[in-house]
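What follows is each chain in one-letter form.
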Amino acid sequence: MNAMTNHRDIYQVLETVLDPEVPVLSVVDLGIVRKVRLDRGTWQVDICPTYSGCPALDVIALDIKVALDQAGFENSQVNYVLDEPWTTDWISESGRKKLKEYGIAPPVGSPDKLAVNPDDRTVPCPICDSTDTVMVSAFGSTACKSLFKCNSCLEPFDYFKCH
Amino acid sequence: MAIHCNPLLHQFILQLADNALVLGHRISEWCGHGPVLEQDIALANIALDHIGQARMYYQLAASFEDGATEDSYPYQRDVRGFRNLLLLEMENKDFGYTLTRSFFYDQFHYLLLEAIIQSDHKALKEIASQAIKEVRYHCRYSSDWMKRLGDGTEESHQRVQKAVDAFYMYTGEFFMPSAADEYMAAEFNINIESIKEKWLENIQAVLQESTLAMPQDTWFQKGGKTGVHTEKLGFLLAELQYIQRAYPNMNW
Ligand SMILES: [Zn+2]
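(A) Region of the structure containing the nonpolar core. Residues Ile64 and Phe160 of chain A together with Phe104, Phe108 and Leu124 of chain B are the most contacted members of the largest nonpolar core, which totals 118 residues. Two domains each donate at least three residues to this core, and these are domain 1 (3-86) and domain 2 (90-160) of chain A. Ranked by size, the runner-up nonpolar core spans eight residues in total, among them Cys125, Phe157, Tyr159 and Cys162 of chain A.

Have a look at this one:
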């Protein structure tokens, strides 16, 4: 068994596991896969939560397990790790593109760790690219999104907030 | 059941967990009843943050106790076992009371998490680092609403001022150290008394901007941290624990 090849194969499987709440992003795009390692014959996949209360996390862990089983990696275990809090900086470039194509504005810039309040940024409309947009609510359909409205094309849209 | 850490550390973790669970449960009672759709969604999101944080603390507590799981604490303890602050078990009443309760607590919660992040306890630091990012949104949400309601119509001003006056007496407990708090201050450098001044300063600034009056010095309620609760927590737990009491160990 070639561990290096298998490691790549596992990432390929993980690329097919989608976030149930944003079903265009894979768990790899989302940046929640922290480590994949072989430990005494078992593949250990470490994932981190996005938001503490994200109800999708248990489903994601199960989906990863099932996808690995089906790909022939029957000895696998999914672990939750917290050592570093997840940030939207870990969303991949391809993930950002997929979000925009899906109609969700990707995070603008990096989170400001020092600010007590999440800062306000100009969020371009994912549909018409206008920067004349306004936040309707900081809390959107899921914890990771806020609700915006575009003043140019008048469409409402979700913004994947900087976190 | 044996506990494999200092029992005071265990109690401190449960204080954090119970605060998160009880407030999360209270806020979740708004789900489907919000004044407008956006606020209904916002409150549900915030409730979920608190309940998610509660789960992380309960999991940590369970890791130190033989035979315990994260579900043992919320479902299998009686009122006297809960260590949450009294303020958090207060009823929602109206939107003004709900937001005032959150406002007082969010400002404290943020400073407490900051203290934990600067402390010497690794597992708690990890949870706090995750949680504080969410609590920033909570702080902003509740203080924005204090300003909108306080500096809004005559009626909204009056109603939110009433809530401020009613709930202020429950905030003194934040800074009255329990045995667990004293242990954490001595061993891990998490000192709740040291954040009081900053909390007062932050509260005063927002109230002033909201054109709301800061309550006068008052007698402060206490008891939550030692398990002496108001009757309100009993009713909350009756609902929260009903299924597990009726059908022990049943799964969804
Ligand atoms: Zn647009």
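After that view, the rundown keeps rolling.
(B) Layout of the domain arrangement of chain A. All names here are of chain A. Partitioning chain A into structural domains gives domain 1 (3-86) and domain 2 (90-160). Distance between the C-alpha centres of domain 1 and domain 2: 26 Å. Domain 1 puts 14 residues into the contact, and the matching count from domain 2 is 14 residues. For the pair domain 1 and domain 2, the two sides together bury roughly 1,300 Å², of which 71% comes from carbon and sulfur. Between domain 1 and domain 2 we count one salt bridge in total. Taking the shortest distance from any N to any O, the salt bridge between Lys98 and Asp29 comes out at 2.5 Å. At the junction of domain 1 with domain 2, the criterion picks out three residue pairs in polar contact (both at pLDDT 80 or more). Secondary-structure elements contributing two or more residues to the side of domain 1 that touches domain 2 are β2 (22-26) and α2 (27-30). By residue class, the composition of the side of domain 1 that touches domain 2 is nine nonpolar, one polar and four charged.

(C) Expanded view of the environment of His138 of chain B. All names here are of chain B. The topology assignment puts His138 in helix α6 (residues 122-150). Put simply, His138 and Lys93 are 45 residues apart on the chain and 19 Å apart in space, counted from C-alpha to C-alpha. Here His138 is in contact with Ile46, Asp49, His50, Gln53 and Asp106, once residues within four sequence places are set aside. Within the local environment of His138, its side chain forms a polar contact with the side chain of Asp49, the two groups lying 2.8 Å apart.

(D) Spotlight on the sheet that holds strand β9 (residues 156-160) of chain A. Residues and elements named next belong to chain A. Judged by pairing direction, the sheet is mixed, and its four strands sit side by side in the order β6-β9-β8-β7 without closing on themselves. This sheet does not close on itself; its edge strands, each paired only once, are β6 (104-105) and β7 (133-137). Two strands pair when backbone bridges link them, and strand β8 (residues 145-150) and β9 are joined in this way by five bridges, in the antiparallel orientation. Bridge pairing in β9 links Leu147 to Asp158.

(E) A look at the interface of chain B and chain A. The interface is formed by 23 residues belonging to chain B together with 28 residues belonging to chain A. Interface area for chain B against chain A, summed over the two sides, is near 2,300 Å², with a carbon-plus-sulfur share of 57%. Our enumeration of links across chain B and chain A arrives at one salt bridge. In this structure, the connection of chain B to chain A is made through eight residue pairs in polar contact (both at pLDDT 80 or more). Taken together, the elements giving at least two residues each to the side of chain B that touches chain A come down to α2 (37-63) and α6 of chain B. The residue inventory of the side of chain B that touches chain A, partitioned by class, reads 10 nonpolar, five polar and eight charged.

How each quantity is defined
- Residues numbered from 1 in each chain as written.
- Chains lettered and ligands numbered in written order.
- Predicted model: local features only at pLDDT ≥ 70, side-chain atom pairs only at ≥ 80, totals over all residues.
- Heavy atoms only, no water.
- Core = buried A, V, L, I, M, F, W, Y, C linked by side-chain atoms within 4.5 Å.
- Buried < 20%, exposed > 50% of the residue type's maximum accessible area, 1.4 Å probe, protein only.
- Domains from an automatic or database assignment.
- Contact = heavy atoms within 4.5 Å.
- Buried area = accessible area lost by both parts, 1.4 Å probe.
- Salt bridge = Lys/Arg side-chain N within 4 Å of Asp/Glu carboxyl O.
- Polar contact = N/O pair within 3.5 Å; in protein donor to acceptor, adjacent residues only side chain to side chain.
- Helix = DSSP H or I, 4+ residues; strand = E, 2+ residues; numbered from the N terminus.
- Nonpolar A, V, L, I, M, F, W, Y, C, P; charged D, E, K, R; others polar.
- Pairing = 2+ DSSP bridges.

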